[in-house]
Amino acid sequence: MNQSTDVIVIGAGHNALVAACYLARAGLDVTVLEAHDRPGGMTATNPVIPEAPKHLINEGSIDSTLFRVSGIERELGLGRFGLRQKELDPMHAYLDPEGDSLCIWRDPCRTADEIRHFSRRDAQAWLDLARTLDAAMDVVVPFMTTNPVRPNPRALLSALKAVRGYRELWPLLHMMTASQAEIVSERFEHPIVRAPLAGLPIFAPMDGDDTGWILIYLGMIHRYGLGRFIGGTGSLPRALIGYLESKGGRVRTSTRVEELLVESGRVTGVRIASGEELRARAVVAGCNPKITLTQLLPDGVLSPLWLERAAHIPTSRNPVSFFKLDLALKGRLGLPRHQAKRDDNVDLRAPISTMHTYEHYLKSWRQAQLGELPNPIPTLVTIPTAADPTQAPYDQDTFWFYSGLVPIRPREPWETLRDKAAQIVIDDCARYFEGIEELEIGRMVRSPVDLTERFATLDGNIFHVDGVIQRHGPLRPGWGLGGYRTPVLGLYLTGAGTHPSAGISGTAGKLAATVVIKELRRNGSQ
């Protein structure tokens, strides 16, 4: 390997790879360094269950939302490198313990038709909420797809025009300041309607102020839909690597960066775990921004002010973290009670499903904040092979479970609690998914401790930075760090801890690359 390159990118998550691709497209020589033995980060899909080597497991994220807005797939021609998406509709489903279900469709009118079976008032309230959220998209999306501190003038003008004619401004302002629980309980009355709105998605305590904005997620999926990558989420990093290599770039796995090299106040490369030093004109860190600034930079490089700001990037402001469980199955799971109650041909196996009440979510937030493990653990679950059978042998399934509602530091250590939590999940899911216990071949269980180790993050926080509204836009990950630049020349940030947010997006990588390219050209380095 060459000891010198134009740009080193730390990490091979999808945002880092997107940045690498745009840098390579601009004619720069790019090297990506990944600590794990396989690339992809939270978008990795691998056969990680030893008893089931032919079952592909989505180790982190599973659905594509913001990526569908980014333009990256088209601009890089990722279809030439095998990337394909399948749109899910319905996108989500709520499974009631008594056998009823409620599907959330891309078309809010279709969702309202289902809600009308339970509450005519809630059906109208759903349409009212959808109208507010749709108007918000005209303001939010242009801002999400541009640099938050140096916005594209066209994007800014588009957002300002939307605000000027925005009849739904006051309802949106209420959503931005009220709690998620307040919005849901004020607008909706039926338990079956309230339940999915408490669990989609889980970013911050639902009874905390300024958390109502989380429901903007519904506006996003209403407008842009929800996609799954054929072959698993790992198809995205594979396609990005294919593009990068076609432009002369390279990815080096099992290569952990130990320290950033700094000369005369400028980052000039990295030192890896083997002791080898690699030089570059710029370094783009796709890993956790707090780790980058407080652990990878040598002592004394950051001023006391910047060091304090970096140290206070929140990763555990709420003492609540994430839990992941994947199963490999030797047959097909079913939902016979819930399928029997529907009068259409919807396959309830495919959408992301929730199964717990509004009241249980409220209780679980309080329990997790006190260090208690909720029982049952509030869930997001799906059967990836229902939408894409290529991820397992013929007529066999995988099962994906994720929760953002477990304690970071439980009263019982995670080392002993991990398997107990997994069994709580399986016992709960067995009430809905027929055959889950009998069909299991093997499982992959990841507690907050395991997630921290696998994805090189802090406090098991797979979003890198706490999902509070005060840490978005120009304030993500911190004051003065929101435009992908850092206080140290030659060092840039990207990834889930930067604008616009976590989730499968790629926008952070695209925007960071734009900043790097512009600065290298301005400095005469390209």
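Reading the values: rules and limits
- Residues numbered from 1 in each chain as written.
- Predicted model: local features only at pLDDT ≥ 70, side-chain atom pairs only at ≥ 80, totals over all residues.
- Heavy atoms only, no water.
- Helix = DSSP H or I, 4+ residues; strand = E, 2+ residues; numbered from the N terminus.
- Buried < 20%, exposed > 50% of the residue type's maximum accessible area, 1.4 Å probe, protein only.
- Axes fitted to C-alpha atoms, helices over the stretch in contact; angles between N-to-C directions.
- Parallel < 35°, antiparallel > 145°, perpendicular 65-115°, else oblique.
- Left-handed = near helix turned anticlockwise from the far one by under 90°.
- Contact = heavy atoms within 4.5 Å.
- Polar contact = N/O pair within 3.5 Å; in protein donor to acceptor, adjacent residues only side chain to side chain.

Chemist: What's the story with unusual backbone geometry in this structure? I'm lost.
Modeler: Only a minority of non-glycine residues have a phi that is not negative, and only a minority of peptide bonds are not trans. Put simply, D89 and P90 share a cis peptide bond, and its omega is 10 degrees. Looking at the element boundaries, P90 is found in the loop between β5 (85-88) and β6 (92-95). Here the residue pair R476 and P477 is connected by a cis peptide bond, since its omega of 10 degrees sits within 30 degrees of zero. Within the fold, P477 resides in the loop between α18 (448-454) and β18 (491-493). Unusually for a residue other than glycine, S254 sits at a positive phi of about 50 degrees. Here S254 lies in the loop between β9 (250-252) and β10 (257-263). For S254, a relative accessible area of 51% translates into the label exposed. Here S264, not a glycine, exhibits a phi torsion of approximately 55 degrees, which is positive. Within the secondary structure layout, S264 lies in the loop between β10 and β11 (266-272).

Chemist: Can you help me understand the packing of helix α4 (residues 108-115) against helix α5 (residues 120-144) in this one?
Modeler: The description of two helices packed together rests on the angle between their axes and the distance between the axes. Put simply, α4 and α5 touch, their axes get as near as 8 Å, and they point 160 degrees apart. The pairing of α4 with α5 is recorded here as roughly antiparallel in orientation. The chirality of how α4 crosses α5 is right-handed. Packed against α4, whose contacting residues are P108, C109, T111, A112 and I115, the element α5 presents D122, A123, W126, L127 and A130 at the interface.

Chemist: What am I meant to see in the environment of H356 here?
Modeler: As for its placement among the helices and strands, H356 is situated in the loop between β14 (352-354) and α15 (358-369). With 227 residues separating them in the primary sequence, H356 and L129 have C-alpha atoms 22 Å apart. Leaving out residues up to four positions away in the same chain, H356 has contacts with Y94, A195, Y361, P376, I377, P378, T379 and D428. Among the polar contacts made by the side chain of H356, one reaches the side chain of D428 at a distance of 2.7 Å.

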